[in-house]
Amino acid sequence: RAELLPKMFSPRLMQAMREFKAIWDPQWKMNPGKLVDPYPITSNLRFGTDFRPSEPATFYAYPEDHGSFVHAAKRCVGVGECRRHGGTVMCPSYMATWEEKHSTRGRARMLFEMLHGGPLTDGWKSEHVRDALDLCLACKGCKRDCPVGVDMATYKSEFMAHHYAGRLRPPPQYAMGLIHYWSRLAAKAPGLANYLTHGAGISRVAKFLGGISQQRELPPYAAHTFKQWFQVRPTADAGKPLILFADTFNNHFRPEIGKAAVEVLEWAGYRPMVPQQALCCARPMYDIGMLKSAKRLLRAVMDTLEPYVQQGIPVVGLEPACVASFRDELPKLFPHDPRARRLADHTFLFSEFLEKQADFEPPKLQRKAVLHAHCHHYAIIGTDTETHLLSRMELDFELLKSGCCGMAGAFGFEEDHYDVSMNAAERVLLPAVRRAPEDALIVTNGFSCAEQIRAGTGVRPLHVAEVLHEAVFRPQRRS
């Protein structure tokens, strides 16, 4: 744009700039052609006049990019904000490896080259692009932290869907991507499932077959699911109705969180309803590109929840990744289905929902705490409502600038990703948990984050629903 400077500055001032540069840079080596005696504005263009790549058919709608994956792939302008070594969520794999190809910018450049048809000529089947995207944790940090809003998690999901179309996938993608179906099967015999994944000797075989790191301990299935508990417990008829979404992880692995949420919501004057249908937000399928299967699950969610949403009944989620799924991926996968936008607008994270209620007065809990925000919580939902809620509880807490925990759903469980996962966690999160006072609460809402903390420190973190539950009911038990 330097060719336009004479429109802003007089010829006399432009000559002064030229003379000043000549004094300090007589050989014209410092950024030549960028300020005085500039290159023509039409030279060195990123896109030549022959840049007309074909627009591929896509699963996502890309509403921020005029419906164009090509436009999305060239959104990155090379600022390099993703090359920071801390302070933001973006980009955890770059912070762990310091490799340009593992930065958001590096990946965006490879996608551009794939579409441009330059050195990468095999399109969606490119192994070079797949390798660059493989270490993307799909944290969505770039969607929030990148100055131009590059959404690499969505681009990775799109690429993986096309890359593996009609091909066998690596074992971890079946083991972890289909966790919703495996968990429904395990619920019929949780003892047997836990023996296969934790029994001496046999667990090593199970991990090997599933591509899971031998250094990881798989979370055990609960003896009874949250939905089973809810179905048999007495429920109050009074209170304002809401749907409590029982996601796969809190239903099958951590039912105690759902129980705490139900009791807190009832104490606050609400009547939680938990649909008994097998519903899943499809989050484990997104970043590996199982998008046809994901859309089937999401249609079932919309079919089930639409009658409630039509009545204005809110949907409250416990897992940030699921809430983010309904708000972010759902409308982009179903751009022409009005049910998707309605569900997105009516879905709230547990802490967010309570904080938005004008008549909710949180209980007091004067304790110290360390708070780690799930990356999707940070990127899509925002952490302000939760930190405000905890402040009103008089909790003395520190919100860590820890970025992504490194577990990122199935990512940290995979054999090939273990080292990067732990490097990301050891950067800020795990040292902070180890340094925390012994009586401090460790708080995080994400299942992945809790598993990473438990694996790395032996500490069992609390969900904010459990923190509220302690504040409400522990004083009653002491009296």
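Refer to the structure above for everything that follows.
Thresholds, definitions, all that
- Residues numbered from 1 in each chain as written.
- Predicted model: local features only at pLDDT ≥ 70, side-chain atom pairs only at ≥ 80, totals over all residues.
- Heavy atoms only, no water.
- Helix = DSSP H or I, 4+ residues; strand = E, 2+ residues; numbered from the N terminus.
- Rg over C-alpha atoms; globule rule 2.2 N^0.38 Å.
- Buried < 20%, exposed > 50% of the residue type's maximum accessible area, 1.4 Å probe, protein only.
- Contact = heavy atoms within 4.5 Å.
- Lys, Arg positive; Asp, Glu negative; His and termini not counted.
- Charge placed at Lys NZ, Arg CZ, Asp CG, Glu CD.
- Phe/Tyr/Trp six-rings, centres within 6.5 Å; stacked < 30°, edge-to-face > 60°.
- Lys NZ or Arg CZ within 6 Å of the ring centre and 35° of its normal.
- Expected span 1.5 Å × (residues − 1).
- Polar contact = N/O pair within 3.5 Å; in protein donor to acceptor, adjacent residues only side chain to side chain.

(A) Geometry of the overall build of the protein. Check the secondary structure of the protein and you find 25 helices and 7 strands. Since a compact globule built from 479 residues should have a radius of gyration of about 23 Å, the 25 Å found for the protein is in line with a globular shape. When the backbone C-alpha atoms are referred to their principal axes, the protein occupies close to 85 × 50 × 45 Å. Relative to its full complement of 479 residues, the protein shows a buried share of 56%. Contacts spanning at least 24 positions in sequence make up 73% of the contacts within the protein whose residues lie at least 6 apart. The positive charge centre, built from 60 side chains, and the negative charge centre, built from 52, are 2 Å apart in the protein.

(B) Spotlight on the packing of aromatic side chains. Per the counting criterion, the structure on display carries 17 aromatic pairs. Judged by centre distance (6.2 Å) and plane angle (65 degrees), the rings of Tyr60 and Tyr62 are edge-to-face. In this pair, the class of Tyr60 matches that of Tyr62, namely buried. Positioned above the aromatic ring of Trp28, the side-chain terminus of Lys21 is 5.1 Å from the ring centre. Positioned over the ring face of Phe413 is Arg216, at 5.9 Å from the centre of the ring.

(C) Spotlight on helix H7 (residues 152-163). The terminal C-alpha atoms of H7 lie 16 Å apart, and with 12 residues this matches the ideal 16 Å at 1.5 Å per residue to within 8%. Met152, Ala153, Thr154, Tyr155, Lys156, Ser157, Glu158, Phe159, Met160, Ala161, His162 and His163 are the residues of H7 that are buried.

(D) Seen up close, the side chain of His376. Counting through the fold element by element, His376 comes out in helix H20 (residues 375-381). Assessed through its relative accessible area of 4%, His376 is described here as buried. Among the polar contacts listed, one links the side chain of His376 to the backbone oxygen of Ala138, at a separation of 2.9 Å.

(E) Expanded view of the side chain of Asp151. One can find Asp151 in the loop between helix H6 (141-145) and H7. Residue classification places Asp151 among the buried positions, given a relative accessible area of 5%. A distance of 3.0 Å separates a polar atom in the side chain of Asp151 from a polar atom in the side chain of Lys332. Not counting the four nearest positions on each side in its chain, Asp151 is found in contact with Lys140, Cys142, Lys143, Asp328 and Lys332.

Don't take any of this as a statement about function, it's just geometry.
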